[in-house]
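Listed below, chain by chain, are the residues.
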Amino acid sequence: MHTYAIVDFETTGLSPKVGDCATEIGIVLVRDGQIVDRYQGLMNGGVRLSPFIKRYTGITNAMIQKARPLTTVMAEACAFAGTYPLVAHNASFDRKFWDDGLGKIGQRRSQEFLCSVRLSRRVFSNLPDHRLGTMVKSLKLPMSGQFHRALADAEATAHLFIRIQAEIKARLQLADVTHKHLLAVQKQKIGTF
DNA sequence: TGCCAGGCCCTCTTTAGGGCCTT
C-alpha cells in the first residue's frame with residue numbers, strides 16, 4: 001500500500017526566515033488513490049495577521065488567539081503524518097514552514113516532499129497555469145470548503161495528486177504507480193511528460 | 001494588490017534573467 005500525507009499551510013507570509021509564522025495546517029492522507037483520513041489545526045504562534053492575510057484566508061486574529069499553541073498543533077500534525085512521504089502544492093513553500101514548525105518542537109523531518117506543481121507541469125502541460133484553483137477548475141476536481149483554508153486546499157491537492165497518479169498509471173501503462181515513478185516524473189526522467 | 005523568500009524551470013542560457021507558485 002502506498003500512503004502519502006498531503007500538507008497545506010496557511011501562514012502570515014512567505015518565509016519563516018523573515019518572521020512569518022504558520023497559522024493553520026491541513027493534512028489529508030491518501031492511500032491507494034483514496035482519501036482515508038484528515039487533520040486540521042489552527043495554531044497560535046504569537047503573531048498578528050496583516051489585513052491582507054485576513055482577507056486572503058478568512059482567518060482572524062480572534063481565531064488565532066483562541067487557537068492552541070503552535071508547538072502543540074505541530075506535534076499533533078507531525079504524529080498524524082508519521083513517516084509517510086509528504087506532498088504539497090509548491091512544496092518548497094510548505095517545506096519551509098513544516099521544517100520550521102518541527103524545529104520548534106525539537107524534531108527533524110525524516111521524509112521527503114513531492115511537489116504537485118512540478119508534477120502538474122509535467123502531466124498537465126497543456127493548462128494555462130498550474131495554480132491550485134486553476135487545476136481544480138480545469139480538471140473538475142471536487143472542492144469542499146473555502147479556498148485558502150488549510151484543509152480545503154489540502155483536500156483539493158489530494159484530489160489533484162490522485163488524478164496525477166491515475167494519469168501516470170494510464171500513460172505509462174503501469175500496474176502500480178510507486179514513489180520512484182512519481183520522483184522520476186517530477187524530475188522529468190521517464191515517460192513522455 | 002504586491003512587496004517581502006526561494007526553489008524550480010525555461011530560454012533570447014550556463015560568467016543570467018525572469019516567470020511561476022505558495023501566504
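To be clear, the structure that these remarks concern was listed above.
Residues numbered from 1 in each chain as written. Chains lettered and ligands numbered in written order. Predicted model: local features only at pLDDT ≥ 70, side-chain atom pairs only at ≥ 80, totals over all residues. Heavy atoms only, no water.

Points about helix α8 (residues 179–186)
Every α-helix carries 3.6 residues per turn, so stepping three or four residues along brings you back to the same face. Buried residues dominate α8, accounting for 6 of its 8 residues. Those residues of α8 hidden inside the fold are in contact with β1 (3–11), β6 (113–115), α5 (116–123) and α7 (150–171). (Buried < 20%, exposed > 50% of the residue type's maximum accessible area, 1.4 Å probe, protein only. Helix = DSSP H or I, 4+ residues; strand = E, 2+ residues; numbered from the N terminus. Contact = heavy atoms within 4.5 Å.)

A look at the packing of aromatic side chains
Per the counting criterion, the structure on display carries 6 aromatic pairs. Between Y4 and F161 the ring centres are 4.9 Å apart and the planes differ by 65°, which places this aromatic pair in the edge-to-face class. Of the two residues, Y4 sits in strand β1 while F161 sits in helix α7, which places them 157 residues apart along the sequence. Ring-pair connections join several aromatic residues into one group, and the members of that group are F9, F93, F97 and W98. (Phe/Tyr/Trp six-rings, centres within 6.5 Å; stacked < 30°, edge-to-face > 60°.)

Notes on the protein's contact with DNA strand B
As a structural note, the neighbourhood of DNA strand B is formed by 30 residues, with E10, L14, F52, Y56 and N90 the closest of them. Those atoms of DNA strand B that come within 4 Å of the protein belong to sugar or phosphate at a rate of 60%. At 3.4 Å from a phosphate oxygen of DNA strand B is found a side-chain nitrogen or oxygen belonging to K17. In this structure, a phosphate oxygen belonging to DNA strand B sits 2.8 Å away from a main-chain N or O atom of H130. Take the surface near DNA strand B: its biggest share by element is 5 residues, from helix α1 (residues 51–57). Tallied by class, residues from the surface near DNA strand B come to 8 nonpolar, 10 polar and 12 charged. (Near = heavy atom within 4 Å. Polar contact = N/O pair within 3.5 Å; in protein donor to acceptor, adjacent residues only side chain to side chain. Nonpolar A, V, L, I, M, F, W, Y, C, P; charged D, E, K, R; others polar.)

Comments concerning the side chain of Q165
You can see Q165 is positioned in helix α7. Once residues lying within four places of it in the same chain are set aside, the contact partners of Q165 are Y4, V30, G33, V177 and L182.

What about the packing of helix α6 (residues 132–139) against α7?
Between α6 and α7, the least distance of the axes is 10 Å, while the angle of their chain directions is 55°. Classified by the interaxial angle, the pair formed by α6 and α7 is oblique. Between α6 and α7 lies a crossing whose hand is left-handed. Seen from α6, the contacting residues are L132, M135, V136 and L139; seen from α7, they are D153, A156, T157, L160 and R163. (Axes fitted to C-alpha atoms, helices over the stretch in contact; angles between N-to-C directions. Parallel < 35°, antiparallel > 145°, perpendicular 65-115°, else oblique. Left-handed = near helix turned anticlockwise from the far one by under 90°.)

Description of empty space enclosed by the protein
Per the stated rule, a full pass over the model turns up 1 cavity of 30 Å³ or more. Here the largest cavity is characterised by a volume of approximately 40 Å³. Taken together, C21, A22, L70, M74, F97, D100, G101 and K104 make up the lining of the largest cavity. Among the secondary structure elements, those contributing two or more residues to the lining of the largest cavity are α3 (70–81) and α4 (91–104). Here the residues of the lining of the largest cavity sort into 5 nonpolar, 1 polar and 2 charged. (1 Å grid on protein atoms, 1.4 Å probe; cavity = no way out; pocket = protein on both sides within 12 Å on 5 of 7 lines; lining within 4 Å. Points joined across faces, edges and corners; volume = space filled by probe spheres on them.)

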